[in-house]
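Listed here are the chains, written in short residue letters.
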Amino acid sequence: GEFMHLKIVLSLDETTAFWGPMGTTVYDVNSKFNEAFPNGPFFGLVVNQRVHNLGAENYPAFDWCFKKNGNEQMIHSSSWILPTYMELGRIFVNEQRLQTLNSHLLAYNGTPIASPDEQDACYWSCVEDIKDVMIFADEQYQQESDYDPARRAIPMTTDNMFYTNKLYWNKNREYKVRAIKYIYFAQSPDTDD
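Trainee: Any chance you could break down helix H4 (residues 95-107) for me, citing the residues and the numbers?
Mentor: Working note: α-helix, 3.6 residues per turn, so residues spaced by three or four point in the same direction. With 13 residues, H4 should reach 18 Å at 1.5 Å per residue; the first-to-last C-alpha distance of 18 Å fits that figure. If you check which residues of H4 are buried, you get Leu98, Asn102 and Leu105. For H4, the buried positions fall inside an angular range of 60 degrees around the axis, keeping them on one side. Residues of H4 that are exposed and point over 90 degrees away from its buried face: Gln96, Gln99 and Ala107. Capping the start of H4, Asn94 holds a side-chain oxygen 3.2 Å from the backbone nitrogen of Gln96, two or three residues further along. At the exit of H4 stands Asn109, carrying a positive phi of roughly 60 degrees.

Trainee: I'd like to hear about unusual backbone geometry, residue by residue, with values.
Mentor: Backbone geometry places Asn109, a non-glycine residue, at a positive phi of 60 degrees. In this structure, Asn109 sits in the loop between H4 and strand E3 (122-128).

Trainee: Please give an account of helix H1 (residues 43-55) that cites residues and values.
Mentor: Between its first and last C-alpha, H1 extends 19 Å over 13 residues, near the 18 Å set by a 1.5 Å rise per residue. Among the residues making up H1, those that are buried are Phe43, Gly44, Leu45, Val47, Asn48, Val51 and Gly55. On its buried side, H1 packs onto helix H2 (60-66) and E3.

Trainee: Describe the side chain of Asn170, and please don't skip the residues or the numbers.
Mentor: Here Asn170 is to be found in the loop between strand E4 (153-157) and strand E5 (174-177). Aside from chain neighbours lying at most four places away, what touches Asn170 is Met22, Trp124, Arg151 and Arg152.

Trainee: Provide a residue-level description of the pairing of E4, including the pertinent values.
Mentor: Counting buried residues in E4 gives five out of five residues, a clear majority hidden from the surface. Of the two faces of E4, both are covered, the one formed by Ala153, Pro155 and Thr157 as well as the one formed by Ile154 and Met156. As paired elements, E3 and E4 share four bridges and run antiparallel to each other. Bridged to Trp124 within E4 is Pro155.

Calculation rules
- Residues numbered from 1 in each chain as written.
- Predicted model: local features only at pLDDT ≥ 70, side-chain atom pairs only at ≥ 80, totals over all residues.
- Heavy atoms only, no water.
- Helix = DSSP H or I, 4+ residues; strand = E, 2+ residues; numbered from the N terminus.
- Expected span 1.5 Å × (residues − 1).
- Buried < 20%, exposed > 50% of the residue type's maximum accessible area, 1.4 Å probe, protein only.
- Arc of directions from axis to C-beta.
- Polar contact = N/O pair within 3.5 Å; in protein donor to acceptor, adjacent residues only side chain to side chain.
- Contact = heavy atoms within 4.5 Å.
- Pairing = 2+ DSSP bridges.

If you want it as structure tokens, here you go:
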């Protein structure tokens, strides 16, 4: 049998943009919401599709990613999209991985990913501040933190960290933006990855 294999492709370039308008929730959560959903591969696609349907011109971080798709009328499973924080985490694994990735980006005349010690080494994810999705291990922070998906989304630093002060999550802040896309290919189970 054949297995479908997923690989994430990262854009060679990046921009700086704000996430979107304050006061608008893109992903409304209902009582049947599964808190694990944002960690899976389909959540980012759903959020990006919703932004596209709402009008990407009001969501600069997403709009920049979508413009890489040319004249596509719809966002689909192999479109350029704004990644989730889980997808960013797969890219920003550790300092060594970043250096390897950056050497490849530079080889193709791309823009290197900001090193964790740079002041603004922070990238937007497409995930809003949804209740119970991002839980701080430190109970003090958790007790002090509310959820406000209409005003906040989750930015992530390149050393896989999140700001505990959620003022830094406001959608009207400018952070770096990188687009990703998935490529799918079939692979028979007896070949090496």
